[in-house]
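The chain contents come next:
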Amino acid sequence: MKITVNGLPIAYTDDGDGHPLLFIHGFPLNRQMWAPQVGELAKVARVIAPDLRGHGESPRLPGPYEMDLLASDMAAFLDALAIKKRIVICGLSMGGYVAFAFYRKYPERLRAMILTATRAAADTTDGKANRDAMADRVSTMGIMPVVDAMAPKLLSPISLKEKPDLAKKVSDIMQTTSAEGMIGALMGMKLRPDTSGMLKEIQVPTLVVHGADDQIVPLQEARQMADKIPGAQFEMIPLAGHLPNLEQPELFNKLLMEFILRLPSS
Ligand code: MLT
C-alpha cells in the first residue's frame, strides 16, 4: 500500500484497529523487519509500519535524511492517514533516533515510546568519519560493502550460528536498499544531535528493549539511557543482538503487548 506524504508515495503496512502503534525500522532495512510483530500486535493496536524515504518501496531520493526530516515525514504520514489519536511509537536503532526527533518536535502526538537497540548519544568523531568512509564506499562500489560490514554485527553470535535463514533474510532486506538511500541515511545519522540531555524530560511511558548481545549498541549504554528516562521500563532480551524483534519475536511481542495493555486508555 502507498500513500502520498510530503509529495512522496510512501509504502506502508496497516493492520488492526484501535490505538495506533507506529513501527519505525532501522538502517539499512525496511518495514519487512517488523513482519513477526504486525499480525500479533494487531490484536491489541492498529499497527502501522512505513518504509522511510530511501528505503524499501518508498522513493529513492538524495539525502541527507536528517532525523528531523524523517520525523516530519512521519507526522505528515499520520496526517495522511487521518490519525489524530496519540500514538505509541516503536523505533529500532535508526528508528529510535527518529522516535527521539519525533518526541522533540511533536510531544503532544505521543502516547508512549518503545525504544529498541538504540542510543541517545550522537556519533563520536570516529563514528562520523566511519559514516563518511561508508558513504564513499557505497558511492564507488555500491551497497554490498555496507551489507557485508553490517550483516555479521546485526545478529547475536548464537542467532548467526543457529538461524542461517534469519541471517539470509536480514541480508536480503538490506539488499533492497538503494545506494542513494544508504548514503542519505548515513549522512542523516551523522548529523543527528545528542539526545542525552532530553532523556530526563521525557514525559510519556517508555519501554526500552535491548538484546543482551547487541554488538552495535552495548547493553550497558541502553541500560544507562533507560535509567535517565523518568519511570522507564528496561527489558533485556537474552540470546538476541541488534534485532531482538526478529531474533526472539515471541518474547519481544509479549513485552510490547503487556506494555501497551498497561497504558492509560486515553
Ligand atoms: C541501525 O541499525 O539503524 C544502525 O545500526 C544505526 C546506526 O548505524 O547508528
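Heads up: the structure comes first, above all this text.
The present account deals with the structure reproduced in this document. Not measured: the values here are computed from a predicted model. (Residues numbered from 1 in each chain as written. Predicted model: local features only at pLDDT ≥ 70, side-chain atom pairs only at ≥ 80, totals over all residues. Heavy atoms only, no water.)

Structural notes on the overall build of the chain
As a reminder of what qualifies: Strands here are runs of E lasting at least two residues and helices are runs of H or I lasting at least four, both read from the DSSP assignment and numbered beginning at the N terminus. Only protein chains enter the area calculation, which uses a 1.4 Å probe; residues under 20% of their type maximum are buried, those over 50% are exposed, and those in between are partly exposed. Any two residues whose heavy atoms approach within 4.5 Å are treated as being in contact. Accessibility throughout is a Shrake-Rupley quantity obtained with a 1.4 Å probe, and a residue counts as covered only by protein chains that appear here.
Secondary structure summary: the chain contains 11 helices and 8 strands in total. Each principal axis of the C-alpha distribution contributes one length, and for the chain these read about 50 × 40 × 35 Å. Classification of the 266 residues of the chain by burial places 55% in the buried group. Residue pairs at least 24 apart in sequence account for 78% of intrachain contacts in the chain once pairs closer than 6 positions are excluded. Of the roughly 10800 Å² of accessible surface on the chain, 54% is carried by carbon and sulfur atoms.

Description of the nonpolar core
The test is simple: Remark: nonpolar core denotes a set of buried residues (Ala, Val, Leu, Ile, Met, Phe, Trp, Tyr, Cys) joined through side-chain atoms within 4.5 Å.
Among the nonpolar cores identified, the biggest contains 93 residues, and Leu21, Phe77 and Phe102 are the most heavily contacted of them. Filtering out sequence-adjacent residues up to four positions away, phenylalanine 77 remains in contact with Ile3, Val5, Ile10, Tyr12, Leu22, Ile48 and Pro50.

So, the environment of cysteine 90
Checked against the element boundaries, cysteine 90 lands in strand 5 (residues 87-92). Sequence separation between cysteine 90 and leucine 207 is 117 residues, and the spatial gap between their C-alpha atoms is 9.1 Å. Residue contacts for cysteine 90: discarding those within four places in its chain leaves Leu21, Leu22, Phe23, Ile24, Trp34, Ile114 and Leu256.

Describing unusual backbone geometry
Of note, the amide linkage connecting phenylalanine 27 to proline 28 takes the cis form, showing an omega dihedral of -10 degrees. With respect to the helices and strands, proline 28 occurs in the loop between strand 3 (20-24) and helix 1 (35-41). With an omega dihedral of 0 degrees, the bond running from glycine 63 to proline 64 counts as a cis peptide bond. Even without being glycine, asparagine 6 reaches a positive phi, approximately 50 degrees. Counting through the fold element by element, asparagine 6 comes out in the loop between strand 1 (2-5) and strand 2 (8-15).

Considerations on the sheet that holds strand 8 (residues 233-237)
Here is the rule we go by: Two strands form a pair only when DSSP identifies at least two bridges running between them. Between the N-to-C directions of two axes lies an angle of 0 to 180 degrees, each axis being a line fitted to C-alpha atoms and, for a helix, fitted only over the stretch in contact.
With mixed pairing, the 8 strands of this open sheet are ordered in space as 1-2-4-3-5-6-7-8. Edge positions in the open sheet fall to strand 1 and strand 8, since each of these has one partner strand only. Each adjacent strand pair in this sheet contributes to an overall mean axis angle of 25 degrees, direction not counted. Two strands pair when backbone bridges link them, and strand 1 and strand 2 are joined in this way by 4 bridges, in the antiparallel orientation. When the sheet's bridge partners are listed, isoleucine 3 is paired in strand 2 with isoleucine 10.

Thoughts on the site of the ligand
So the rule is basically this: Here a residue is considered near a molecule or strand provided that any single heavy atom belonging to it is located within 4 Å of it. The term polar contact refers here to a pair of N or O atoms within 3.5 Å; inside protein, the definition further demands a hydrogen-donor-capable atom paired with an acceptor-capable atom, and it admits residues adjacent in sequence only when both atoms are side-chain atoms. Three classes are used: nonpolar for Ala, Val, Leu, Ile, Met, Phe, Trp, Tyr, Cys and Pro, charged for Asp, Glu, Lys and Arg, and polar for all others, with Gly counted as polar.
All residues in the neighbourhood of the ligand are listed as Gly26, Phe27, Ser93, Met94, Tyr97, Arg131, Met150, Met189, Ile216 and His242. One of the backbone N or O atoms of methionine 94 is found 2.9 Å from an oxygen atom in the ligand. One nitrogen or oxygen atom from the side chain of arginine 131 is found 2.8 Å from an oxygen atom belonging to the ligand. When isolated, the ligand has an accessible area of 270 Å², and the protein chains bury 93% of it. Here the shell around the ligand is composed, by residue class, of 6 nonpolar, 3 polar and 1 charged.

Quick word on helix 5 (residues 144-154)
Residues Pro145, Val146, Val147, Met150 and Leu154 constitute the buried set of helix 5. For helix 5, the secondary structure elements touched by its buried residues are helix 4 (125-141), helix 7 (164-174), helix 8 (179-190) and helix 10 (244-247).

A closer look at the packing of aromatic side chains
The criterion, for reference: Geometry of aromatic contacts follows a simple scheme: Phe, Tyr and Trp rings, the Trp one being its six-membered ring, pair when their centres are within 6.5 Å, and the pair is stacked under 30 degrees between planes, edge-to-face over 60, tilted otherwise. Counted as over-ring charges are cases with an Arg CZ or a Lys NZ within 6 Å of the ring centre that also lie within 35 degrees of the ring normal.
Counted by the stated rule, this structure contains 3 aromatic pairs. For the pair tyrosine 12 and phenylalanine 77, a centre-to-centre distance of 5.4 Å together with 75 degrees between the ring planes defines the contact as edge-to-face. On the criterion of sequence distance, the pair formed by tyrosine 12 in strand 2 and phenylalanine 77 in helix 2 (residues 67-80) is long-range, its members being 65 residues apart. Overall, the relative accessible area of 7% leaves tyrosine 12 in the buried class. The ring of tyrosine 97 has arginine 192 sitting right over it, with the charged end atom 3.9 Å from the ring centre.

Such coordinate-based values are descriptive only and should not be taken to indicate function.
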